[in-house]
Amino acid sequence: MSFPTRRLRRLRTSAKMRELIQETSLSPRDLICPVFVQEDLKTRIKVESMSEIERLPLDDINDEVGAISDLGIPAIMVFGIPSKKDDKGTSAFDDNGIVQKAISQIRKNFGDKMVIMADVCLCQYTSTGHCGITQGNKIDNDTSLDILARIAVSQAKAGVDTVSPSAMMDGQVAAIRKALDVEGFTDVSIMSHSAKHRSSFYSPFRDAAECAPKFGDRKTYQVPFTNAREAMMEVETDIKEGVDIVMIKPALSYLDLIAETRRRFNLPVAAYSVSGEYALVKGAAMQGWVDEKEITEEILYSIKRAGADMIVTYFAKSAAKFLQQS
Ligand code: PBG
């Protein structure tokens, strides 16, 4: 009889032993919870394709943020759905816009007890549904930069901690950094959607935030999912432009890029586990085909294991609940 030279099972013999050996940790502290706020809304609206996710009226925001905070989650990401859209997305940088109102209300109520992050993009605000300003059928990079910078400054005035540009325009981090600095907001940080891929995993979000493009697609500005080196160039460029936190998005099909970003750079790395990743789990769980808690846990731990320091996820609240209990 021959004995195995190495018995890895020895360190799996009991729950306590496995606890001791566990390499990756996950805590509510690692999570960023998205919040959708809609202008002129009277009561909450359920998002059809994202079970348990709702668009909130401004009046419900403080309650929602309070619930998130009670779960030990340190940060939220605010997305706005405006009543009016136009070709320049003016409601995105209106000091009285829906996101600006939500930010200042949260700031007033929670002080520095919640990290307030907000999406900086145009697709919810433009009549075209594109993330930049269109000229003819083209998304014009450089005119979009000015607008993105104005959005960031208006959110900073409202009291945001971190602006999160997701438009994928070249030079957006530099343009935003400069505008924030000039206006005196040197402490407002930037978490860029650095490597944001053109992805079918965003479809439920477009239902949540009414931002589907009216023509064409986002292939001229988002990163192709076939190109890892190009994704790393996006990360590198954002770092050169002064970004504070880099993000890889989506998360689950892009774990290789999260790992590579972690290895190559020293900035905090965020991962965005997007709406489609959420909807797939929810859909299967609602059929009873997978165990929602276990699969959520496995997905979030995998994203941490790949190297993410923080995760933007629609599972933030439900995961924080089971993490608090365990
Ligand atoms: C807006 C934006 C999108 C997402 C975050 N910010 C949509 C898009 O680019 O089409 C997607 C997030 C998700 O699917 O959860 N630019």
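Whatever comes next refers back to the structure up there.
The structure displayed is predicted, hence computed values, not measured ones.

> Please clarify how the pairing of strand S9 (residues 189–196) should be interpreted in this entry.
Within a regular strand, side chains alternate between the sheet's two faces. Of all eight residues in S9, seven are buried; the element is thus mostly enclosed. Note: strand S8 (residues 162–165) against S9, two bridges, orientation parallel. When the sheet's bridge partners are listed, threonine 162 is paired in S9 with serine 189. Remark: the S8/helix H5 (residues 172–182)/S9 crossover connection has right-handed handedness. Relative to strand S10 (residues 245–249), S9 runs parallel, the two being bridged by four bridges. Across the sheet, residue methionine 191 finds its bridge partner in S10, namely isoleucine 245.

> Before we go on, may I ask you to explain the side chain of histidine 193 in this structure?
Examined against the element boundaries, histidine 193 turns out to sit in strand S9. There is a polar contact of 3.5 Å between the side chain of histidine 193 and the side chain of lysine 249. Aside from chain neighbours lying at most four places away, what touches histidine 193 is Asp119, Ser164, Pro165, Ser166, Met168, Met247, Lys249 and Tyr272.

> What's the story with the site of the ligand in this structure? I'm lost.
Taken together, 18 residues lie near the ligand, and Lys196, Arg206, Lys249, Ser275 and Tyr314 sit nearest. Between the ligand and glutamine 222, the relevant distance is 3.1 Å, taken from an oxygen atom to a side-chain nitrogen or oxygen of the residue. With the chains in place, 100% of the 400 Å² that the ligand exposes on its own is no longer accessible. Most atoms of the ligand, that is more than half of them, are within 2 Å of grid points of the largest cavity. The class makeup of the residues in the shell around the ligand is 10 nonpolar, three polar and five charged.

> I would appreciate a short explanation of the packing of helix H9 (residues 275–286) against helix H10 (residues 292–306) in the present structure.
Any two packed helices are characterised by how steeply their axes cross, that is the angle between the axes, and by the distance between the axes. Where H9 contacts H10, the two axes come as close as 10 Å, and the packing angle between them is 160°. Taken together, the axes of H9 and H10 lie roughly antiparallel to each other. When the axes of H9 and H10 are compared, the crossing they make is right-handed. Judged by residue contacts, Val281, Lys282 and Ala285 of H9 engage Glu292, Ile295, Thr296 and Ile299 from H10.

About the thresholds
Residues numbered from 1 in each chain as written. Predicted model: local features only at pLDDT ≥ 70, side-chain atom pairs only at ≥ 80, totals over all residues. Heavy atoms only, no water. Buried < 20%, exposed > 50% of the residue type's maximum accessible area, 1.4 Å probe, protein only. Helix = DSSP H or I, 4+ residues; strand = E, 2+ residues; numbered from the N terminus. Pairing = 2+ DSSP bridges. Right-handed = clockwise from strand over helix to strand, strands pointing away. Polar contact = N/O pair within 3.5 Å; in protein donor to acceptor, adjacent residues only side chain to side chain. Contact = heavy atoms within 4.5 Å. Near = heavy atom within 4 Å. Areas by Shrake-Rupley, 256 points an atom, 1.4 Å probe, with all protein chains shown as cover. 1 Å grid on protein atoms, 1.4 Å probe; cavity = no way out; pocket = protein on both sides within 12 Å on 5 of 7 lines; lining within 4 Å. Sits in = over half its atoms within 2 Å of the grid points. Nonpolar A, V, L, I, M, F, W, Y, C, P; charged D, E, K, R; others polar. Axes fitted to C-alpha atoms, helices over the stretch in contact; angles between N-to-C directions. Parallel < 35°, antiparallel > 145°, perpendicular 65-115°, else oblique. Left-handed = near helix turned anticlockwise from the far one by under 90°.

Limitation: the analysis is restricted to geometry and does not speak to function.
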